Amino acid sequence: MAQKQEEDEKVRLDKWLWAARFYKTRALAKAAIESGKVHCRGERCKPGKEPHIGDELQIRVGFDEKTVVVQALSIVRRGAPEAQALYTETPASIAKRENAAAMRKSGALGMSTDGKPSKKQRRDLFKFRGSGNDE
């Protein structure tokens, strides 16, 4: 048991993100870290960084950006309730994420259209982009 706790202390960040169910695979977690979507204490980090209890991580997954505090370390991927026990999301992050979701749902951030463009509108778009046939 002592060795298991010691192994948990030496966990890689990509493995922890996978165990905490932020990403479906370790490869996706590693790619996200390398592309700058995960910050530890406000700085970019590497996949081999060792997170510690109390560290604050900013994680961007899709449209959502979460700020979480590490509560426990694990190298084993388990069920969702156990994975959620590994971290706590800050109240400010929850409010910001819910506000952004409400904005997306109301359509305030996106471009609203009337549907599929007509044939003439499509021709005009192709002409504007320069990808139409010049006959």
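Look up a bit, the structure's there.
Fair warning: this is a prediction, and the values are worked out from it, not measured in the lab.

Parameters at a glance
Residue positions are counted from 1 within each chain, in the order its sequence is given. Residues qualify for local features only when their pLDDT is at least 70, as the model is predicted, and side-chain atom pairs are given and counted only at 80 or more; totals for whole chains, interfaces and linings, by contrast, use all residues. Hydrogens and water are ignored here; the side-chain numbers use all heavy atoms of the structure. Each helix corresponds to a stretch of at least 4 residues labelled H or I by DSSP, and each strand to a stretch of at least 2 residues labelled E; elements are numbered beginning at the N terminus. Think of it in three bands: with a 1.4 Å probe and only protein chains considered, a residue is buried below 20% of the maximum accessible area for its type, exposed above 50%, and partly exposed in between. By definition in these notes, contact holds between two residues if any of their heavy atoms fall within 4.5 Å. In this description, accessible areas are obtained by the Shrake-Rupley approach with a 1.4 Å probe, and a residue is regarded as covered only by the protein chains that are shown. Pairing of aromatic rings covers Phe, Tyr and Trp, the last through its six-membered ring, and needs centres within 6.5 Å; plane angles under 30 degrees mean stacked, over 60 mean edge-to-face, and all others mean tilted. By arc we mean the arc of the directions from the helix axis to the C-beta atoms, nothing more. Being paired, for any two strands, means DSSP has found at least two bridges between them.

## Describing the overall build of the protein chain
Stage number 1. Counting secondary structure elements, the protein chain contains six helices and five strands.
Stage number 2. Secondary structure elements of the protein chain occur, N-terminal to C-terminal, as α-α-α-β-β-β-β-α-β-α-α.
Stage number 3. Within the span of the protein chain, comprising 135 residues, buried residues form 27% of the whole.
Stage number 4. Long-range contacts, defined as pairs at least 24 residues apart, comprise 43% of the intrachain contacts of the protein chain with a sequence gap of at least 6.
Stage number 5. Accessible surface, the protein chain: about 9700 Å² in total, of which carbon and sulfur atoms supply 51%.

## Quick notes on the packing of aromatic side chains
Stage number 1. Using the criterion set out here, one finds three aromatic pairs in the structure.
Stage number 2. The interplanar angle of 35 degrees and the centroid separation of 6.2 Å between the aromatic rings of Trp16 and Phe22 together place this pair among those described as tilted. Like Phe22, Trp16 is buried.
Stage number 3. An angle of 75 degrees between the planes, with centres 6.5 Å apart, marks the rings of Trp16 and Tyr87 as edge-to-face. Highlighted residues: Trp16 in helix H2 (residues 13-19) and Tyr87 in strand S5 (residues 87-89), separated in sequence by 71 residues.
Stage number 4. The class of Trp16 is buried, set by a relative accessible area of 0%.

## Notes on helix H3 (residues 26-34)
Stage number 1. Taken as a whole, H3 has its buried residues at Ala29, Ala32 and Ile33. Taken down its axis, H3 places every buried residue within 100 degrees of arc, on the same side.
Stage number 2. Against H2, strand S1 (38-40) and strand S2 (43-44) lie the buried residues of H3.
Stage number 3. Following H3 by one or two positions, Gly36 has its phi on the positive side, about 90 degrees.

## Notes on the environment of Arg122
Stage number 1. Mapped onto the fold, Arg122 is located in helix H6 (residues 119-129).
Stage number 2. Look at Arg122 and you get partly exposed, because its relative accessible area is 31%.
Stage number 3. Discounting residues that sit within four places of it in the chain, Arg122 has contacts with Lys116 and Pro117.

## Here's the deal with unusual backbone geometry
Leaving glycine aside, a negative phi is the common case for residues, and trans is the common case for peptide bonds.
Stage number 1. The backbone phi angle of Arg21 is positive, close to 65 degrees, even though this residue is not glycine.
Stage number 2. With respect to the helices and strands, Arg21 occurs in the loop between H2 and H3.
Stage number 3. Although it is not a glycine, Arg41 sits at a positive phi angle of roughly 55 degrees.
Stage number 4. Topologically, Arg41 is positioned in the loop between S1 and S2.

## Things to note about the pairing of strand S3 (residues 56-61)
Stage number 1. Strand direction decides the pairing type here: S1 and S3, joined by three bridges, are antiparallel. What sits directly across from His39, in S3, is Gln58.
Stage number 2. Across six bridges, S3 lies against strand S4 (residues 64-70) in antiparallel orientation. Opposite Arg60, over in S4, you have Glu65 as the bridge partner.
Stage number 3. Remark: two residues form the turn of the hairpin made by S3 and S4, two consecutive strands paired antiparallel; Gly62 in that turn has positive phi of roughly 65 degrees.

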